[in-house]
Amino acid sequence: MNVRFNPHGVIVEYLHAAEQRGERSDHKAEPVPVTEIPDPIIECDFCSAPDATWIYQCANQLTDVRRVTAQVVAVSDYRNRHHAARVRRTDTEHALTQAWGERWSACDGCADLIETRNIYGLIQRVADAMPAKMVRGTHLARTRALLHETYSTVFDTLAPGRGQITPGNPMGIWPEPPEAAS
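Residues numbered from 1 in each chain as written. Predicted model: local features only at pLDDT ≥ 70, side-chain atom pairs only at ≥ 80, totals over all residues. Heavy atoms only, no water.

Participant: Can you help me understand the environment of Pro38 in this one?
Facilitator: Relative to the helices and strands, Pro38 resides in the loop between helix H1 (17–20) and strand S3 (54–72). Along the chain, Pro38 and Gly168 lie 130 residues apart, while their C-alpha atoms are 8.4 Å from each other. (Helix = DSSP H or I, 4+ residues; strand = E, 2+ residues; numbered from the N terminus.)

Pasting the structure below:
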């Protein structure tokens with residue numbers, strides 16, 4: 001579940017991962033510990049594949065979402081280009097902060113790329129799984145840049161090890177640290 005905050009740090013909404021991708025959900029997103037859900041659906045947080053099998057832990061990821069408040073064009077440019085002038089300046093303001101969390105679930109395909117620290121392979125895999133409208137034309141470069149920014153932070157702050165998701169263990173079974181095993 002994704003959490004969105006307003007500029008004052010107040011939670012304004014919760015979203016299912018599917019809603020974050022522009023899909024619809026059959027119920028309102030309400031925060032409940034995943035351990036209290038009888039048979040949770042755990043998708044890959046990277047490519048959205050069903051049946052994620054691994055959980056990774058890293059630093060909490062936050063993304064600031066901005067909204068456009070004004071776009072400035074030159075009047076003569078606007079007239080000469082028949083109301084299709086280039087934007088000279090865009091003003092924005094903070095709208096929301098998206099909190100992604102510290103735990104990221106991954107399918108086997110994405111986990112293989114994470115284990116080898118292949119950020120470009122992971123970005124390619126995720127972009128290939130995205131809706132066409134997000135990766136068509138100039139959107140592809142922007143989408144890949146945003147993914148690189150987010151996944152760089154994930155890779156830079158990744159804790160050692162990973163948990164394996166199994167039935168009855170949606171938070172994963174984590175290996176014992178080496179010092180605890182001896």
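The structure having been displayed, the exposition proceeds.
Participant: What is the right way to read the nonpolar core from this model?
Facilitator: What tends to happen in soluble globular proteins is that the nonpolar side chains get buried as a cluster. Cys44, Phe46, Ala106, Cys110, Ile114, Leu122 and Tyr151 are the most contacted members of the largest nonpolar core, which totals 23 residues. Where this core is concerned, the elements lending two or more residues are S3, strand S4 (89–106), helix H3 (108–115), helix H4 (119–129) and helix H6 (138–156). Beyond its immediate chain neighbours, meaning those up to four positions away, Ala106 contacts Cys44, Phe46, Ala52, Thr53, Trp54, Tyr56, Ala111 and Ile114. (Core = buried A, V, L, I, M, F, W, Y, C linked by side-chain atoms within 4.5 Å. Buried < 20%, exposed > 50% of the residue type's maximum accessible area, 1.4 Å probe, protein only. Contact = heavy atoms within 4.5 Å.)

Participant: Please explain the packing of aromatic side chains as it appears in this structure.
Facilitator: The way to describe two aromatic rings as a pair is by their centre distance and the angle between their planes. In the structure shown here, the tally under the stated rule is three aromatic pairs. When the ring of Trp104 is compared with that of Tyr151, the centres are 6.4 Å apart and the planes differ by 85°; the resulting orientation is edge-to-face. With Trp104 in strand S4 and Tyr151 in helix H6, the pair connects residues that are 47 residues apart, well separated along the chain. By relative accessible area, Trp104 is classed as buried at 5%. (Phe/Tyr/Trp six-rings, centres within 6.5 Å; stacked < 30°, edge-to-face > 60°.)

Participant: Explain the environment of Ala59 here, please?
Facilitator: Structurally, the position occupied by Ala59 is in strand S3. Given a relative accessible area of 31%, Ala59 falls into the partly exposed group. Separated by 99 residues in the primary sequence, Ala59 and Leu158 have C-alpha atoms spaced 7.2 Å apart. Discounting residues that sit within four places of it in the chain, Ala59 has contacts with Gly101, Glu102 and Thr157.

Participant: Could you clarify how one ought to interpret the side chain of Thr143 in this entry?
Facilitator: Note on placement: Thr143 falls in helix H6. Excluding residues that lie within four positions of it along the chain, Thr143 makes contacts with Met130, Met134 and Val135.

Participant: It is not clear to me how unusual backbone geometry should be interpreted in this structure. Could you clarify?
Facilitator: Among all residues save glycine, negative phi is the norm, and among peptide bonds the norm is trans. The phi dihedral of Asp51 falls on the positive side, at around 60°, and the residue is not glycine. Mapped onto the fold, Asp51 is located in the loop between H1 and S3. The backbone phi angle of Arg117 is positive, close to 55°, even though this residue is not glycine.

Participant: Please clarify how the pattern of salt bridges should be interpreted in this entry.
Facilitator: Side-chain pairs of opposite charge can arise where the charged atoms are in close proximity. Counted by the stated rule, this structure contains one salt bridge. Where Arg162 meets Glu115, a salt bridge forms, and the shortest distance between an N and an O atom there is 3.7 Å. Placement of the pair is Arg162 in the loop between H6 and strand S5 (163–166) and Glu115 in helix H3, with a sequence separation of 47 residues. Residue class for Arg162 comes out partly exposed when judged on its relative accessible area of 22%. On the basis of relative accessible area, Glu115 is assigned to the partly exposed category, the value being 40%. (Salt bridge = Lys/Arg side-chain N within 4 Å of Asp/Glu carboxyl O.)

Participant: Could you clarify how one ought to interpret the pairing of S5 in this entry?
Facilitator: Two faces belong to every sheet, and in a regular strand the side chains alternate between them. Side-chain alternation along S5 places Gly163 and Ile165 on a buried face and Gln164 and Thr166 on a face that remains uncovered. Examined bridge by bridge, S5 and strand S6 (residues 169–173) share two bridges and lie antiparallel to one another. What sits directly across from Gln164, in S6, is Ile173. Two successive antiparallel strands, S5 and S6, enclose a turn made up of two residues, where Gly168 displays a positive phi of approximately 85°. (Pairing = 2+ DSSP bridges.)

Participant: What is the right way to look at the packing of H4 against H6 in this model?
Facilitator: When two helices pack together, their arrangement is captured by the angle between the axes and the distance separating the axes. For the pair H4 and H6, the least separation of the axes is 10 Å and the interaxial angle reads 130°. The orientation of H4 relative to H6 falls into the category oblique. The chirality of how H4 crosses H6 is right-handed. Two secondary-structure elements touch here, H4 through Ile119, Tyr120, Leu122, Ile123, Gln124, Val126 and Ala127 and H6 through Leu140, Arg144, Leu147, His148, Tyr151, Ser152 and Phe155. (Axes fitted to C-alpha atoms, helices over the stretch in contact; angles between N-to-C directions. Parallel < 35°, antiparallel > 145°, perpendicular 65-115°, else oblique. Left-handed = near helix turned anticlockwise from the far one by under 90°.)

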